Amino acid sequence: NTKLEVEFERKQRQQAEKQTKSLTEGVRVLAGTSVEIKEEIQQLQPKTPNALYNEYKRNRVQVRFDTTFPGIFKDRTKSYEVETILITDNQNTYAILHTETTPFDLKDITPVYDSVNVTIQIGDVIYHPEKLGFMRIDPRVMIIPINESALVDTTVKIYETVLEPFRFPKAVVIDGNNNYFGESSFKVHSQFSHALQMDSKIISKLFGEFSPSRGDLVIAQTGEFMGVMINNEYAGLIDHIATSDTVWLGDAFDPERTNTIITKLSSFIFRRR
């Protein structure tokens, strides 16, 4: 009898342990599932303009161009400084700019530079890029490739290019120069699928009414990067990265080749006006 009782108790303990283990596993699975559901729900909710702007302020990088070009009596120098963000197409990382804020303003006459050097400050990291490129959808959008080694120790957010640009009917336009931001509706150009017509006047709770301007960043309400204002009316939708021309920087800078590229691209822009 004693043996039977001991065996009975042993089997009951084993069964209880199995039930406890199964219950614990079930709770763990449910907890993981609830986290996934919560994250999915958050992704379906549009981020507020204020949240997107604060995110931009925390993650912007500083780009500096240093140029030299011939003067009447001696070489002249000029520097350009601009803030922007880093974007990725899940293969490479880039700083993105409007050419108007750089030495290569395609709507104006630019000098034949003797040298062009670029410095990008990414958090505490100082990076010297080797080249820059002009986007195929519109050469007024410039990208500067960033080597992965410059991103190893940084906490700066790298914005992914938008996958579903039309998930939400509005986007957030950020004017980094004047610290303006606000929601804007948009519609696709009838002839150019990568041209988004934005509101000519944006009503912001903080700033009242303001107009988008060249170089403003357009952020999707998902938090992804959407595009750059090409002019005061249209933004270039950047859902992939493809360049038409490349300019090498630093010691590899070629004045004649660069001038040929800029002349060609400026002519192209003039024809599209």
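One structure accompanies this document, and this report is about it. In this text the structure is predicted, and so the values were computed from the model without any measurement.

Counting across every chain of the model gives 11 salt bridges. E83 is paired through a salt bridge with R60; the nearest N and O atoms lie 3.3 Å apart. With E83 in strand β2 (residues 76–84) and R60 in the loop between α2 (49–59) and β1 (61–69), the pair connects residues that are 23 residues apart, well separated along the chain. Take E83: its relative accessible area is 36%, and that puts it in the partly exposed class. Residue classification places R60 among the partly exposed positions, given a relative accessible area of 22%. Taking the shortest distance from any N to any O, the salt bridge between R140 and D138 comes out at 2.8 Å. Owing to a relative accessible area of 5%, D138 belongs among the buried residues under this scheme. Each of E100, D105, K107 and R214 takes part in a single network of salt bridges with overlapping partners.

A few words now on the nonpolar core. By size, the foremost hydrophobic cluster in this structure holds 32 residues, and its most contacted members are F65, I120, I122, L132, F134, I144 and I146. Secondary-structure elements contributing two or more residues to this core are β1, β2, β4 (93–98), β5 (115–122), β7 (131–135), β8 (141–146) and α3 (255–272). In this structure I144 touches V63, F65, T93, Y94, A95, L97, V118, I120, P129, K131 and L132, once residues within four positions along its chain are discounted. By size, the runner-up hydrophobic cluster in this structure holds 21 residues, among which are Y56, I143, Y159 and I174.

Glancing now at the pairing of β8. With respect to burial, β8 is a largely interior element, five of its six residues being buried. The pairing of β4 with β8 spans six bridges and is antiparallel. Its bridge partner lying in β8, T93 is registered against I146. Relative to β8, β7 runs antiparallel, the two being bridged by two bridges. Bridge pairing links G133 to I143 in β8. Linkage of β7 to β8, two consecutive antiparallel strands, is achieved through a turn of five residues.

What counts and how
Sequence order as written defines the numbering, with residues in each chain counted from 1. Owing to the predicted nature of the model, reporting of local features is limited to residues with pLDDT of at least 70; listing and counting of side-chain atom pairs is limited to 80 or more, with chain, interface and lining totals taken over all residues. Only hydrogens and water are removed before side-chain values are computed, so all heavy atoms of the structure are retained for them. By convention in these notes, a salt bridge is any Lys or Arg side-chain nitrogen within 4 Å of a carboxyl oxygen on Asp or Glu. Comment: elements are numbered from the N terminus, with helices defined as DSSP H or I runs of at least four residues and strands as E runs of at least two. Burial status follows relative accessibility: with a 1.4 Å probe on protein chains alone, a residue under 20% of its type maximum counts as buried, one over 50% as exposed, and anything between as partly exposed. Working definition of a nonpolar core: buried Ala, Val, Leu, Ile, Met, Phe, Trp, Tyr and Cys residues. They are joined through side-chain atoms within 4.5 Å. Note on contacts: a residue pair qualifies if any of its non-hydrogen atoms lie within 4.5 Å across the two residues. When DSSP locates at least two bridges between a pair of strands, those strands are taken to pair.

None of this, on its own, says anything about what the molecule does.
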